[in-house]
Amino acid sequence: MIALLNFRSGVPVYRQIVEQVKAAAAGGTLRDGDPLPSVRALAEELRINRNTAAKAYAELEAEGVIETRAGKGCFLKAGSPSPLRRSVRAERLAEAVDSVIVQAHHLQISPEELTELLAQRLQQFQQQQANRPE
Amino acid sequence: MPMKTPPVIDIQNLVYRYDRREAVDGLSLRVEPGQCHGLLGRNGAGKTTTIKCLLNLLRPQSGSVSVFGLSPGRREAAIKERLAYVPDSVAFYPWMTVRDALDYQASFRRHWNRQIETELLGRFQLDPRLATTALSKGQRTQVALIGAVCPEPELLVLDEPTSGLDPLVRRDFIQTVIGAYQDAAPGERTVLVSTHLISEFEGLIDRFTIVDHGKAILTANADDARSRYRRLRAEFGNDAPDASAVTGARTLRREGRWLELMVNGEAESVVAWLQGEKAVRVESEALALEDIFMAAVGTKGGLP
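Since the structure is predicted, the reported quantities are computational estimates derived from the model, not experimental observations. (Residues numbered from 1 in each chain as written. Chains lettered and ligands numbered in written order. Predicted model: local features only at pLDDT ≥ 70, side-chain atom pairs only at ≥ 80, totals over all residues.)

*Asks:* Explain the overall build of chain B to me, please; I cannot follow it from the model alone.
*Replies:* Helix and strand counts for chain B come out as 10 helices and 13 strands. Counting only C-alpha atoms, chain B reaches 70 × 50 × 40 Å along its principal axes. Residues counted as buried form 39% of the 304 residues belonging to chain B. In chain B, of all internal contacts separated by at least 6 residues, the share reaching a separation of at least 24 is 70%. (Helix = DSSP H or I, 4+ residues; strand = E, 2+ residues; numbered from the N terminus. Buried ≥ 20, exposed ≤ 12 C-beta atoms within 10 Å, placed from the backbone. Contact = placed C-beta atoms within 7 Å.)

*Asks:* Would you mind showing me how to read the sheet that holds strand β2 (residues 24–31) of chain B here?
*Replies:* The strands that make up a sheet pair up through hydrogen bonds in the backbone, lying either parallel or antiparallel. Residue and element names in this part refer to chain B. The strand order β2-β1-β4 describes an open sheet built from three strands, whose pairing is antiparallel. Strands at the two margins of the open sheet, each flanked by one partner only, are β2 and β4 (62–67). Direction aside, the axes of adjacent strands within the sheet are offset by 15° on average. Across six bridges, the pairing between strand β1 (residues 9–16) and β2 is antiparallel. Paired with L14 across the strands is L27, a residue of β2. (Pairing = 2+ DSSP bridges. Axes fitted to C-alpha atoms, helices over the stretch in contact; angles between N-to-C directions.)

*Asks:* Could you clarify how one ought to interpret the interface of chain A and chain B in this entry?
*Replies:* Size of an interface, as often reported, equals the accessible area lost when the parts are brought together. Contact with chain A, which involves 21 residues of that partner, is made by 25 residues of chain B. Among the elements of the structure, α2 (39–46) and α3 (50–62) of chain A are those that each provide at least two residues to the side of chain A that touches chain B. No other element matches α2(A), which puts five residues into the side of chain A that touches chain B. For the side of chain A that touches chain B, the residue count by class is 10 nonpolar, six polar and five charged. (Nonpolar A, V, L, I, M, F, W, Y, C, P; charged D, E, K, R; others polar.)

*Asks:* Can you walk me through the packing of helix α5 (residues 137–149) of chain B against helix α6 (residues 172–183) of chain B in this structure?
*Replies:* Packed helices, taken two at a time, are described by their axes: the angle between them and the distance between them. Residues and elements named next belong to chain B. One way to put it is that α5 packs onto α6 with a least axis distance of 10 Å and a crossing angle of 5°. When the axis of α5 is compared with that of α6, the two are roughly parallel. Of the residues in α6, those touching α5 at Q142, L145 and V149 are F173, I174, V177, A180 and Y181. (Parallel < 35°, antiparallel > 145°, perpendicular 65-115°, else oblique.)

*Asks:* How should I be thinking about the packing of α2(A) against α6(B) in this particular structure?
*Replies:* At their nearest, the axes of α2(A) and α6(B) sit 10 Å apart, and the two run at 155° to each other. Here α2(A) is positioned roughly antiparallel relative to α6(B), judged by the angle of their axes. Classified by chirality, the crossing of α6(B) by α2(A) is right-handed. In this structure, α2(A) uses A:V39, A:R40, A:A43 and A:E44 to contact α6(B), whose residues at the interface are B:Q175, B:T176, B:G179 and B:D183. Classifying every residue of the contact of α2(A) with α6(B) gives two nonpolar, three polar and three charged. (Left-handed = near helix turned anticlockwise from the far one by under 90°.)

*Asks:* Help me understand α3(A) in this model?
*Replies:* It helps to recall that an α-helix has 3.6 residues per turn; residues three or four apart then point in one direction. Between its first and last C-alpha atoms α3(A) spans 18 Å; for 13 residues at 1.5 Å apiece the expected length is 18 Å, and the two agree. Within α3(A) the residues assigned to the buried category are A:R50, A:N51, A:T52, A:A53, A:K55, A:A56, A:Y57 and A:L60. The inward-facing, buried residues of α3(A) contact α1 (13–27), α2, β2 (66–69) and β3 (73–76) of chain A together with α6 of chain B. Backbone geometry just downstream of α3(A) places A:G64 in the positive-phi region, at approximately 75°. (Expected span 1.5 Å × (residues − 1).)

*Asks:* Hey, could you run me through the sheet that holds β2(A) in this one?
*Replies:* All names here are of chain A. Pairing within the open sheet is antiparallel, and its three strands lie in the order β1-β3-β2. Edge strands, defined here as strands with exactly one partner in the open sheet, are β1 (35–36) and β2. In the sheet, β2 pairs with β3 via four bridges, with the strands oriented antiparallel. Paired with R69 across the two strands is G73, which belongs to β3. On top of the sheet, α3 reaches β2 and β3; it is set at about 110° to β2, its chief contact.

*Asks:* Explanation requested: the confidence of the model for chain B in the structure shown.
*Replies:* Close inspection of predicted coordinates is inappropriate for parts of the model with low pLDDT. Counting all residues, the mean pLDDT for chain B is 92, and 97% of those residues have values of 70 or more. For this predicted complex, the interface confidence reaches an ipTM of 0.78, while the overall pTM sits at 0.82. (pLDDT = per-residue confidence, 0-100.)

The following block contains the structure:
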């Protein structure tokens, strides 16, 4: 699993890993049941602290994205996340949206321009999903 | 209610002055168990002197030092049994092979994990029969690190682990060793790494203390610091205004129509001020530890 970390993004490292695993799952690079590297292997690959890698995996597990099988390691969980986690997911999204709103403000991008940009990117994403090989 | 675990290292207002050289001038530092704590500072900032006080190589002139809740002055042996120290220049007896050097280290320790030793020697492709004099600087550091983690101490103190290494040499091995060390007992293994090469250790550090002129300038959690400190670049139609009176901002550069500021947390009010001064463009960027460090030790007035 290749992940790129940006220490200049203002986003906590563990959070970046969580987002990239989720993006990989959404984009099809990681498929249901695929194994993830061990905490130690991930830490070495990304040149980060093992605590950070462990935190990322704990978060992914809490969000129902991955599951640990005793003695075997971590795997991408099959199927969509359980409805019980919906509130957690909504909360996470709200955090991400807030961060985008603040960024837009700093860059002097108007609310209208922001909503237009969002519509554009969403359309692009949906097109990519439709074109994804099964 | 669970008892809070005491810090592994607790230094309060440490003072140690030499006649002319590096001094520690009222430094406080607390390292919690299970963390990888970075002691960041320029050469001569007081990092090595601080470490020497932890090891009882120097006696504090004032202030207090405690390791595992014990005083290095009174309980030196008890402390040293539970930690391992790798100095910035590693030396071996010249007639020893790698095998000899490791066995020699092991002879001083109650416990030695042979499995880790074999694993790491294999990973680094180090032939134990090699003479230590035949090793490159990087290989010597590898042997020293292996010798430090095999006794499985509670605390690992590394002083400038990458110093003297050729910039092209892959430094991942430090990562590998620390990873093996902490992964075996997460929460119980603590690392204090002292360095002036911040970007090398950016990802590895949980928490850090920036030291300059013998004082601790900032102690923070790495992720928190990276999300709080931001750099703002503003372009103006005419000469950039003077921002020295703006609260919450430090001027990094002011050249012609450009102004570069650093803010901590509340970027809103500073951005509002910039817009009030008719900035034509404002760019905002979060900062890496390296940037924060450079600003802390380089900027007049320090960090915002």
